[in-house]
Amino acid sequence: MNVPVTGQPELGASSSIVILTGAGISAESGIDTFRDKGGIWSKIDYRDVATPEGFARNPRKVFDFYNKRRRRMADIKPNAAHRALARLEQELPGTFLLVTQNIDDLHEAAGSRHLVHMHGELNKTLCEACGQSSRWTGDMSIDSRCPTCSTVGRLRPDVVWFGEMPYHMGRVHAALSACDLFVSIGTSGSVYPAAGFVEEARFNGAHTVELNLEPSEGGGMFAEAHYGRATEVVPAFVDHLIEVAAQQW
């Protein structure tokens, strides 16, 4: 299912592209989604493992939840959709920003470099004593020591929980205000502030595109849409963009 294109972005040396990705782009690599039928939040109460209150009540349960997810990542690789976005960043001129809601590192593993994790990163820890974020690839516990200040017992996953402010919002809003093309990939369209990005980009004159398994809650806001598996629709769309750009140069 496709939505007809209403206009095309100008993709030249001064063009600006913002890509938003959600759980749907990593699902085909074997990472569970959150809000889909059978997703993580249908099995686990998010209030227990993804809120500051849950962490205060039972930090061991929270550490166990993220430790298991971190261990699983050792066997998971980026897929064709991740690699296509890395190729887009490398081959198109102009400004590029990849904004991901995912806490995995599959975009980096695929080769993406200009990206921000608005919900934090699974392989990082945040010290509540010194406020520093540090890379962390092993298990974490209430006995873990901060790599920066050496304080014991004050670490938490560097993940944005429900009720907390997403990271990098200033940079994201600045990019949305100036972009020529905004593409949303694999998102539910139900979680703010990310769900409002399409409206912000449209208001500032960007061409907006949704690439998803099915229409998101905000699917009607997009000027163009392509639906199907991320490993199929994302590489096809990237090929099209690169072809369009070549014609405009």
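Predicted model only: the values in this text are computed from it and were never measured.

Draft legend 1. Seen up close, the packing of aromatic side chains. Summed over the entire model, instances satisfying the criterion amount to 5 aromatic pairs. With a centroid separation of 4.3 Å and an interplanar angle of 45°, the aromatic rings of Tyr46 and Phe162 are classed as tilted. Taken as a pair, Tyr46 in helix H2 (residues 46-49) and Phe162 in the loop between strand E7 (155-159) and helix H7 (169-178) lie far apart in primary sequence, 116 residues in all. Residue classification places Tyr46 among the partly exposed residues on the basis of a relative accessible area of 32%. We classify Phe162 as partly exposed; its relative accessible area is 33%. Relative to Tyr66, the ring of Phe65 has its centre 4.9 Å away and its plane inclined at 85°; by these criteria the two rings are edge-to-face. We classify Tyr66 as buried; its relative accessible area is 3%. By the ring-pair criterion, three or more aromatic residues cluster together here, those being Phe55, Phe63 and Trp161. Of note, Arg156 hangs over the ring of Trp161, and the distance from its end group to the ring centre comes to 3.7 Å.

Draft legend 2. Up close: the environment of Ala50. On the secondary structure map, Ala50 appears in the loop between H2 and helix H3 (52-57). Measuring from C-alpha to C-alpha, the distance between Ala50 and Phe162 comes to 6.2 Å, with 112 residues separating the pair along the chain.

Draft legend 3. Region of interest: the side chain of Gln101. Topologically, Gln101 is positioned in the loop between strand E3 (95-100) and helix H6 (106-110). Owing to a relative accessible area of 15%, Gln101 belongs among the buried residues under this scheme. Every residue in contact with Gln101, bar those within four places of it in the chain, is listed here: Leu20, Thr21, Gly22, Met118, His119, Thr187 and Ala194.

Draft legend 4. View of the sheet that holds strand E6 (residues 133-135). Here 3 strands make up an open sheet; going across it, the order is E6-E5-E7 and the pairing antiparallel. Looking at strand neighbours, the two that pair on one side only are E6 and E7, the edges of this open sheet. The average angle at which neighbouring strand axes cross in this sheet is 45°, direction not considered. As paired strands, strand E5 (residues 120-127) and E7 are joined by 4 bridges and run antiparallel to one another. Each residue of the ladder has a partner; that of Leu126, found in E7, is Arg156. Set on the sheet, helix H4 (residues 59-72) makes contact with E5 and E7; between it and E7 the angle comes to about 55°.

What counts and how
- Residues numbered from 1 in each chain as written.
- Predicted model: local features only at pLDDT ≥ 70, side-chain atom pairs only at ≥ 80, totals over all residues.
- Heavy atoms only, no water.
- Phe/Tyr/Trp six-rings, centres within 6.5 Å; stacked < 30°, edge-to-face > 60°.
- Helix = DSSP H or I, 4+ residues; strand = E, 2+ residues; numbered from the N terminus.
- Buried < 20%, exposed > 50% of the residue type's maximum accessible area, 1.4 Å probe, protein only.
- Lys NZ or Arg CZ within 6 Å of the ring centre and 35° of its normal.
- Contact = heavy atoms within 4.5 Å.
- Pairing = 2+ DSSP bridges.
- Axes fitted to C-alpha atoms, helices over the stretch in contact; angles between N-to-C directions.

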